[in-house]
Amino acid sequence: MILGMSLHTFTFVHVLLSLVGIGSGFGVVFGLLSGRLNGWTLLFLVTTVLTSATGFLFPVEHLLPSHILGILSLVVLALAIVARYAFHMAGAWRTTYAVGAVIALYFNCFVGVVQAFEKVHALKALAPTQKEAPFLVAQLVVLAIFVALGIIAAKRFRSASMLPA
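Below or above, wherever it landed, is the structure these notes cover. (Residues numbered from 1 in each chain as written. Predicted model: local features only at pLDDT ≥ 70, side-chain atom pairs only at ≥ 80, totals over all residues. Heavy atoms only, no water.)

When helices and strands are tallied, the protein shows six helices and zero strands. Along its sequence from the N terminus, the protein presents helices and strands in the succession α-α-α-α-α-α. A globule of 165 residues ought to have a C-alpha radius of gyration of about 15 Å, and the protein, at 17 Å, matches this closely. Referenced to the eigenvectors of the C-alpha coordinate spread, the extents of the protein come out at roughly 55 × 40 × 25 Å. By residue count, 36% of the 165 residues in the protein fall in the buried class. (Helix = DSSP H or I, 4+ residues; strand = E, 2+ residues; numbered from the N terminus. Rg over C-alpha atoms; globule rule 2.2 N^0.38 Å. Buried < 20%, exposed > 50% of the residue type's maximum accessible area, 1.4 Å probe, protein only.)

Dropping the structure here:
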């Protein structure tokens, strides 16, 4: 039992939080690309923090790469939350928020690709150990997409704050 749930139910909740975080994260990134905030921000931040936090509750005997990614994600999310809610995105905090949101979404999508290669039989057949070329190419494509999205989002979101009201 984890938080009063069976492992199966807890896993379902964790995955659901992750999927909501990814979906709302794309809503946030669309807003950043448009140069403005939208209604997806709070949902994205809450579900993504909960996704990372609940990842630590699975029963394991030692520190895993997923835990390290979870720690990195929580640090990035903390910066994004502080930038958004404590500093109201004034000055450089605007770019900090945009970059942090994109990085947090990337981390979720990175894990999504890992899980897809573990759970989808056709993908697992292509890369059974996740050291094969199809897995590496998939992760490099995702990384390249998010680097481009991050650069564009940071520039557009930052420059939108300089437009006259």
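What tends to happen in soluble globular proteins is that the nonpolar side chains get buried as a cluster. Within the largest apolar cluster, 31 residues are counted, with the highest numbers of intra-cluster contacts made by Leu32, Phe44, Tyr97, Leu105 and Phe146. Sorting the residues of this core by element identifies helix H1 (7-34), helix H2 (41-54), helix H3 (65-86), helix H4 (92-119) and helix H6 (133-160) as the ones contributing at least two each. Broken down by element, this core gets its largest block of residues, 12 residues, from H4. (Core = buried A, V, L, I, M, F, W, Y, C linked by side-chain atoms within 4.5 Å.)

Put simply, H3 and H4 touch, their axes get as near as 8 Å, and they point 150° apart. Considering their axes alone, H3 and H4 lie roughly antiparallel with respect to each other. Where H3 crosses over H4, the two elements pack in a sense that is left-handed. Residues Leu69, Leu72, Ser73, Val76, Leu77, Leu79, Ala80, Val82, Ala83 and Arg84 of H3 form the contact with H4, whose participating residues are Trp93, Thr96, Tyr97, Gly100, Ala101, Ile103, Ala104, Phe107, Phe110 and Val111. Class assignment for the residues of the contact of H3 with H4 results in 16 nonpolar, three polar and one charged. (Axes fitted to C-alpha atoms, helices over the stretch in contact; angles between N-to-C directions. Parallel < 35°, antiparallel > 145°, perpendicular 65-115°, else oblique. Left-handed = near helix turned anticlockwise from the far one by under 90°. Contact = heavy atoms within 4.5 Å. Nonpolar A, V, L, I, M, F, W, Y, C, P; charged D, E, K, R; others polar.)

Residue position: Leu37 is located in the loop between H1 and H2. In the structure, Leu37 is positioned 28 residues away from Pro65 in sequence and 32 Å away in space, judged by C-alpha atoms. In contact with Leu37, not counting residues within four places along its chain, are Arg84, Met89, Tyr97 and Phe157.

A few words now on the packing of H1 against H2. The geometry of a pair of packed helices is captured by two quantities: the angle between their axes and the separation between those axes. Contact geometry of H1 with H2 gives a least axis separation of 8 Å together with a crossing angle of 145°. Like other packed secondary-structure pairs, H1 and H2 cross with a definite hand, here left-handed. Side by side, H1 and H2 meet where Phe10, His14, Leu17, Ser18, Val20, Gly21, Ser24, Gly25 and Val28 of the first sit next to Thr41, Leu43, Phe44, Thr47, Thr48, Leu50, Thr51 and Thr54 of the second. Here the contact of H1 with H2 is built from residues that sort into seven nonpolar, 10 polar and no charged.

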